[in-house]
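Observations on the three-dimensional arrangement
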Number of protein chains: 2
Amino acid sequence: MAVRADLNLSLDGVAATTDQTPENMFGEDWGRLVAPYTATRTFRERVMHEENGAGTTGIDDRYAQAYFEGVGAEIMGAGMFGLHAFPDDPDWRGWWGEEPPFGFPVLVLTHAPRPPIEFPNGTRFEFRTMSPDEALAEARHLAGDGDIRIGGGASVVRDFLRAGLVDRLHVAITPIVLGRGHHLWDDLHWLEDGYDVSSEVAESGVIHVTFRR
Amino acid sequence: MAVRADLNLSLDGVAATTDQTPENMFGEDWGRLVAPYTATRTFRERVMHEENGAGTTGIDDRYAQAYFEGVGAEIMGAGMFGLHAFPDDPDWRGWWGEEPPFGFPVLVLTHAPRPPIEFPNGTRFEFRTMSPDEALAEARHLAGDGDIRIGGGASVVRDFLRAGLVDRLHVAITPIVLGRGHHLWDDLHWLEDGYDVSSEVAESGVIHVTFRR
């Protein structure tokens, strides 16, 4: 029952971009940052529900497959679910569409809880106001024998890293310089202590760095 | 006659550390950051003048060898020479000892010029108050058919990058998080534009990223 996290980063450590506009709700920088991931076959099948065999099948896709393998429950921030987009709409069901790519319980950390949302594929979003420790205890209960994935955003992953709760951190570094946005590595001096760190370079140029303990 | 630069970075993009003390003039963080480079055979022979065959001979060493290959002149900041350490000592000859590992002219950018210093192995330090463009013009003249290396520190390399003057940037990323220090990537949004970027991982775990145009 490992606790795992994955993030996309730029070379300058930006994990959350800040150039969103009403016309481009995710932002141009975000699109450039996650392009190698959203190009994978796993993303296109599992998240976009395309069934045409499109998408890359190399090293990036191997990591994308692993995002969901063996996971029994996920913890994510309110922004990852989409709560900040339409905070006043009680019927808003999040970014993830009617077939969210989870199939297991997802705890959404928020200061404004709402009733759970359940989907036929086994995904159930539950909204909680909790510390990382409390959320992890509940997720362990929900996950059974499965792993727990900290799904992001960057500030949620950092909270769990700072609390020493993450067994495996994988960052996919896209070799671009964004120069603005929220940086993952702030306040994580000596993060590598107690971890083995290994890296490999994908065909796309993305550098996959994994911290394991 | 390419213009080249090499820097050691932490995962969080720190190129210049700030934990120097009177007891540890380079700082603990600096030692951790450059440990894979200072472990190479090339560094130990060329910079430390050890002749016992010690040092690593893998991918890190291949990059270390390339630092000096084909270079005809170097440009460095005052801090890299050592001017800030003993600013009031006119006889101070810098960090690099009596056999500096260059063997070619080195322009040291400083607001406090002093007479040149010449060594028997062909290294000649000249002190200049100049813009990046002006320094590059003089270095081209001094370098003959050789390349020009921007030797650092981070702020000098960044000045040349921002002015669009660097043909090849190599960063050796040590997989540690320093959390404090001067960051290379600040103000370099879209740096990758016009460059091919490639990466490889050394036996030591260092990630070598090269921007080429």
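Before reading on, note that the structure itself is shown above.
Now for a description of the structure that goes with this document. (Residues numbered from 1 in each chain as written. Chains lettered and ligands numbered in written order. Predicted model: local features only at pLDDT ≥ 70, side-chain atom pairs only at ≥ 80, totals over all residues. Heavy atoms only, no water.)

1. Section: the overall build of chain A
Counting secondary structure elements, chain A contains six helices and 11 strands. Relative to the 2.2 N^0.38 estimate, which gives 17 Å for 213 residues, the radius of gyration of chain A is 17 Å and therefore close to what a compact globule would have. With respect to the three principal axes, the spread of C-alpha positions in chain A is 40 × 40 × 30 Å. Here chain A holds 213 residues, and 51% of them are scored as buried. As presented, chain A carries roughly 9,600 Å² of accessible surface, and 50% of it is formed by carbon and sulfur atoms. Within chain A, the 34 negative side-chain charges are centred at a point lying 2 Å from the centre of the 18 positive side-chain charges. (Helix = DSSP H or I, 4+ residues; strand = E, 2+ residues; numbered from the N terminus. Rg over C-alpha atoms; globule rule 2.2 N^0.38 Å. Buried < 20%, exposed > 50% of the residue type's maximum accessible area, 1.4 Å probe, protein only. Areas by Shrake-Rupley, 256 points an atom, 1.4 Å probe, with all protein chains shown as cover. Lys, Arg positive; Asp, Glu negative; His and termini not counted. Charge placed at Lys NZ, Arg CZ, Asp CG, Glu CD.)

2. A few points about the environment of Ala139 of chain B
All names here are of chain B. For Ala139, the position within the fold is in helix H5 (residues 132-143). Along the backbone, Ala139 and Val3 are 136 residues apart, and their C-alpha atoms lie at a distance of 10.0 Å. Apart from residues lying up to four places away in sequence, Ala139 is in contact with Ala73, Ile75, Leu107 and Ile148. (Contact = heavy atoms within 4.5 Å.)

3. Thoughts on the sheet that holds strand S8 (residues 168-174) of chain A
Residues and elements named next belong to chain A. Across the sheet, nine strands lie side by side as S5-S6-S4-S3-S7-S1-S8-S11-S10; this open sheet has mixed pairing. Edge positions in the open sheet fall to strand S5 (117-118) and strand S10 (196-201), since each of these has one partner strand only. Bridge count for strand S1 (residues 3-10) against S8 is seven bridges, and the pairing is parallel. What sits directly across from Leu7, in S8, is Val171. (Pairing = 2+ DSSP bridges.)

4. Observations regarding the side chain of Arg158 of chain A
Structurally, Arg158 of chain A can be placed in helix H6 (residues 154-162). The side chain of Arg158 of chain A sits in the buried core without any salt bridge; Asp186 of chain A is the nearest counter-charge, 4.8 Å away. (Salt bridge = Lys/Arg side-chain N within 4 Å of Asp/Glu carboxyl O.)

5. Brief notes about the interface of chain A and chain B
The interface of chain A with chain B comprises 26 residues on the first partner and 26 residues on the second. Buried surface at the junction of chain A and chain B, both sides included, amounts to about 2,000 Å², of which 66% is carbon and sulfur. The largest per-residue losses of area from chain A upon contact with chain B belong to Leu11, Val177 and His189 of chain A, which jointly make up 29% of the total buried on that side. Applying the counting rule to chain A against chain B returns two salt bridges. A salt bridge links Glu192 of chain A to Arg32 of chain B, with the shortest nitrogen-to-oxygen separation between them at 2.3 Å. One can count 10 residue pairs in polar contact (both at pLDDT 80 or more) joining chain A with chain B. For the side of chain A that touches chain B, the secondary-structure elements that each account for two or more residues are helix H1 (28-38), S10 and strand S11 (207-212) of chain A. Grouping the constituent residues of the side of chain A that touches chain B by class yields 15 nonpolar, four polar and seven charged. (Buried area = accessible area lost by both parts, 1.4 Å probe. Polar contact = N/O pair within 3.5 Å; in protein donor to acceptor, adjacent residues only side chain to side chain. Nonpolar A, V, L, I, M, F, W, Y, C, P; charged D, E, K, R; others polar.)

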